[in-house]
Every structure is written in C-alpha cells, then in structure tokens.
Amino acid sequence: LAHTPSPRLTPLLVRLPHHTITMIHTTLQDEGPKTASVEDANMGVFPLSKIVGQEAIKQALLLGTINSRMGGIAISGGRGTAKSVMARALHRIMPPIEVVKDSEFNLDPELPGEADDFLKDKLAAAGTDLEAGIEALGTEVIPCPFVQVPLNVMEDRLLGSVNVEQSVRTGKTVFEPGLLARAHRGVLYVDDINLLDTELTNILLSVLSDGFVKVEREGISVRYPCRPLLIATFNPEEADLRDHLLDRMSCALSCDAKPLSMEQRIEAVDEVLGFSERNKDATIMEKILDDEDQLKTRIVFARESLKELELSYDQKLYLAEEAARAGCQGHRGEIFACEIARASAALNDRTVVEADDLRLAVKLAIMPRGTFITDPDMQDEEMMPPPPPPPPPPQQDQEQDEDL
C-alpha cells in the first residue's frame, strides 16, 4: 500500500495551505529508525498491507480516507473473513488532523461555517467575528479519531446529553458531546450494524445525509458537524441489512466474493503468526511503519489534489449510462461513482480523471448496487469503454507564462 509521491507534487507543496503543511510535518517528524517496541504499531492492530486478498475492499477503504464525500463503506462476510481487522487497520494509515484548539467537536479551522452552536454563541457574546474568533483561538494537531459504536449504545451516549453533575456544580447547563462528536473528520466504525437498534440506524442515516447532528432535549438545543468515514461490517447470515442503509453507502462489498486459494490461506496464516511475533523481527516492523508513514503523506497530498479534480460532461454521462444499464435505483450510484473516480485520480497523482479511474468507480459503486454481483473484478469485459479525459484548459499555459 505504500506510495511515494511523484515529482508532480513538488509544485503542489508550494501551494499547500499552512494547516496542510503542518499535518505533513507532524506525520513525518518522527521519521527515522523505528523499533517494534514503539507503542507498538497502533496498539498491535494488524496492518492493512499484510491482509491477504480483498483488494477491492482495501482499495475502497483507502479511497475513503481521501474523499470524505464518499460517506460510508459497508463490508459483509462470514465469520473470520477479516472484516473487523480491515476496518481497524485503516486507523493505522490515517494522517493526523488539525482542529481548533480545545475543540470538543474536532472543528476544522478552514471551515468556520461548520462551527458548533456553543462556539458561535460564545464568540457572538464577545462581539467577535466568527472567522476572526476561530483564528484567535489557535489550532492544534491531533491523531485522527477512531470511534467504535457498541451495539448496546444508548441514544444519549451517541448524540450527547446534559452532564448533570457539572451542571449542578457550575449552575448552568453543561452539554457533554457524544460519540458522533468525537468521530467528526475521523472514522466511525459499527460492527454488526445489521444488529443495531432501528432507531440508532436511522440516526446514522441522518448523519450520513446531513453532515451534522441536531440535539434538542432537557432545555438545550445544539447543532454540531459530523462528517466521519463510516465503516460498517456485518455477517449476512445473522440478519439482513436494511436496503436504504446500504443505499447511503458509497461501496457495499463482500469478503466472501472471492475465496482465497490454498496458497493464499497459507500466506494469511504466515502473516498473522509473523505479526504476532513482531518483537522478534524489528526489521519487518520498521518496514511496515515506514511504508505507513509514506502512505499517510500520500493521503495528505491526495486530499489537496482532490480539490482541483473534476469530471467532464462525457465522463459523467458514461457513469450515468453504466448506472442505468446496471439497473441502479435512484442516482446515488453515479454520484458516488464520481466521488470514487476523483479520489482514485488524486491518489495516483493525476491531474485529470482518466479511464482507469472511471472503471474502478463502476466496479466499486455501480456494479454491486445494480446487479447483486459481489465480485467487482468479474465484469471488466462487460463494461463500455470510458471516454478519454478532458483536454487541459487552453488558458493554463498562458497563466503559467504570465507568472514567469
């Protein structure tokens, strides 16, 4: 999974905003010789690069770290098929994020319009402009949050509620953020989502669609942002997952689609046994950690490149025709396919979305949604040839000459 940035990223680095350069520095500042004894590889979580097979799922997870507008990824499969392992392993390669200092909602300093109601009211009472007030608060870089939602979670714990003890002590209502507030701009993981309470499932659906949480209870009313990458895993043998929840996910893939060969099963056993004895081979762990550091940096660059990538009309038409040909209901298939294609182009250092990106988008977003085929690699020959990428804007060269 490691990816070394290409020379094309050198001019991009010059244009990066300060907060992005800060995150890159934070990601790389600990580079150097690493040993397996360092707080060991994210609490001993099995690395994503060591998982054998499941290439489509690993690719979808990686693209989800780049483009938050993909929304969610659903992974189905039987027992022991590495569903949960892949979800948790993703946290190892997530770059740190920059937030407003002391923010309980992981607020993005570059998006003051997403500030929570508490901060807005505080700055308004002080007579301070929202943007100026957030800038004055300063920023800090924190590890990317990873929040798991337990099946027995209460609604108050998920959304947040009044902290009675602190409210009595201070004499004013004190709101205690819930799991969704902590998950903003990070990973929200739900294992066995098909067994989750229906009401809580509806809350997750609302969060995926709206990008914010609204809490009104016990004399308080607060709204805060929540745009995590939702990863949901489930075993279809235990219970079915509601169709309208699957429809909100950009990718719904199965671990059972492509069973491992006997050689791959042996390789998987060797990888697990080798990682469990990682202290005996520090060289291997050093290589894993170095590769993951490179990938974190690559993700940061890709997120910036993503802002400049757009699909042409012919490319959107191609995805819409593929969705219609596959029998997809609604328009989410082609919408999510556009976001996947952009993320794929950004990850591969491309300045435009190309045919390979469109093919991947069809495999991950459209085929499983429209045809119940769970193996995205089966349909290459049945796809229509995608259109070529659009030509560069004619004024681009002129602007570069003027800058020189």
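Refer to the preceding data block for the structure.
How each quantity is defined
Residues numbered from 1 in each chain as written. Predicted model: local features only at pLDDT ≥ 70, side-chain atom pairs only at ≥ 80, totals over all residues. Heavy atoms only, no water. Helix = DSSP H or I, 4+ residues; strand = E, 2+ residues; numbered from the N terminus. Buried < 20%, exposed > 50% of the residue type's maximum accessible area, 1.4 Å probe, protein only. Pairing = 2+ DSSP bridges. Axes fitted to C-alpha atoms, helices over the stretch in contact; angles between N-to-C directions. Parallel < 35°, antiparallel > 145°, perpendicular 65-115°, else oblique. Left-handed = near helix turned anticlockwise from the far one by under 90°. Contact = heavy atoms within 4.5 Å. Nonpolar A, V, L, I, M, F, W, Y, C, P; charged D, E, K, R; others polar. Salt bridge = Lys/Arg side-chain N within 4 Å of Asp/Glu carboxyl O. Core = buried A, V, L, I, M, F, W, Y, C linked by side-chain atoms within 4.5 Å. Phe/Tyr/Trp six-rings, centres within 6.5 Å; stacked < 30°, edge-to-face > 60°. Lys NZ or Arg CZ within 6 Å of the ring centre and 35° of its normal.

A. Summary view of the environment of Leu-306. Positionally, Leu-306 belongs in helix H14 (residues 282-306). According to the relative accessible area criterion, Leu-306 is buried, its value standing at 8%. On a C-alpha basis, the gap between Leu-306 and Ala-343 in space is 6.4 Å, while along the polypeptide they are 37 residues apart.

B. Expanded view of the pairing of strand S1 (residues 72-76). Summarising burial for S1: five of the five residues are buried, a large majority. Going residue by residue along S1, you find Gly-72, Ala-74 and Ser-76 tucked away on one face and Ile-73 and Ile-75 tucked away on the opposite face as well. The sheet contact formed by S1 and strand S10 (residues 229-234) spans five bridges and is parallel. Pairing of Gly-72 across the sheet is with Leu-230, part of S10. With four bridges joining them, S1 and strand S11 (residues 251-254) adopt parallel strand pairing. When the bridges of S11 are listed, Ile-73 appears paired with Cys-251.

C. Inspection of the sheet that holds S1 at higher detail. Read across the open sheet, the five strands follow the order S4-S7-S10-S1-S11; overall the sheet is parallel. The open sheet is flanked by strand S4 (146-148) and S11, the only strands paired with a single partner. With direction set aside, neighbouring strand axes in the sheet form an average angle of 15 degrees.

D. Here's a closer look at the packing of helix H15 (residues 313-326) against helix H16 (residues 332-347). Contact geometry for H15 and H16: axes closest at 9 Å, N-to-C directions at 135 degrees. By the angle class used here, H15 and H16 are oblique. At the point where H15 passes H16, the crossing takes the right-handed sense. Counting all contacts with H15, which are made through Lys-316, Leu-319, Ala-320 and Ala-323, the residues of H16 involved are Glu-334, Ala-337 and Cys-338. Grouping the amino acids of the contact of H15 with H16 by side-chain chemistry returns five nonpolar, no polar and two charged.

E. Here's a closer look at the pattern of salt bridges. A full pass over the atoms with the stated rule returns 15 salt bridges. Notably, a salt bridge pairs Glu-339 with Arg-69, separated by 3.5 Å at the nearest N-O pair. Of this pair, Glu-339 sits in helix H16 while Arg-69 is found in the loop between helix H4 (55-66) and S1, placing the two residues 270 residues apart along the sequence. We classify Glu-339 as buried; its relative accessible area is 9%. Between Glu-237 and Arg-79 there is a salt bridge, with its nearest N and O atoms 3.8 Å apart. Of the two residues, Glu-237 sits in the loop between S10 and helix H12 (243-247) while Arg-79 sits in the loop between S1 and helix H5 (83-89), which places them 158 residues apart along the sequence.

F. Focus on the nonpolar core. Within the largest apolar cluster, 60 residues are counted, with the highest numbers of intra-cluster contacts made by Leu-61, Ile-231, Leu-319 and Leu-364. Sort the elements by how many residues they give to this core and H16 lands first, with nine residues. Once you skip the residues sitting within four places of it in the chain, Ile-231 turns out to touch Leu-61, Ile-73, Ile-75, Ala-87, Leu-90, Val-187, Leu-188, Tyr-189 and Val-190.

G. Region of interest: the pairing of strand S7 (residues 187-191). Within S7, five of the five residues are buried, which leaves it mostly tucked inside the rest of the structure. Burial of the side chains of S7 extends over both faces: Val-187, Tyr-189 and Asp-191 are buried on one face and Leu-188 and Val-190 on the other. Bridging between S4 and S7 involves three bridges; their strand directions are parallel. Paired with Phe-146 across the strands is Val-187, a residue of S7. Across five bridges, the pairing between S7 and S10 is parallel. By the bridge assignment for S10, Leu-188 is matched with Leu-230.

H. Quick peek at the packing of H4 against H14. At a minimum axis distance of 8 Å, the contact between H4 and H14 shows a crossing angle of 60 degrees. The angle between the axes of H4 and H14 places the two elements in the oblique class. When H4 is examined against H14, the residues Leu-62, Thr-65 and Ile-66 are found in contact with a partner set consisting of Leu-295, Ile-299, Ala-302, Arg-303 and Leu-306. Here the contact of H4 with H14 is composed, by residue class, of six nonpolar, one polar and one charged.

I. Spatial organisation of the packing of aromatic side chains. In the structure shown here, the tally under the stated rule is three aromatic pairs. For the pair Phe-105 and Tyr-224, a centre-to-centre distance of 5.0 Å together with 35 degrees between the ring planes defines the contact as tilted. Placement of Phe-105 in the loop between strand S2 (97-100) and helix H6 (117-125) and of Tyr-224 in strand S9 (residues 220-225) is noted, with a sequence separation of 119 residues between them. This pair shows no difference in class: Phe-105 is buried, exactly as Tyr-224 is. On the numbers, 5.7 Å between centres and 35 degrees between planes, the contact of Phe-118 with Phe-175 is tilted. Of this pair, Phe-118 sits in helix H6 while Phe-175 sits in strand S6 (residues 175-177), and the two are 57 residues apart along the sequence. Note that Arg-223 overlies the ring of Phe-212, its terminal NZ or CZ placed 3.5 Å from the centroid.

Any link to function would need more than the numbers given here.
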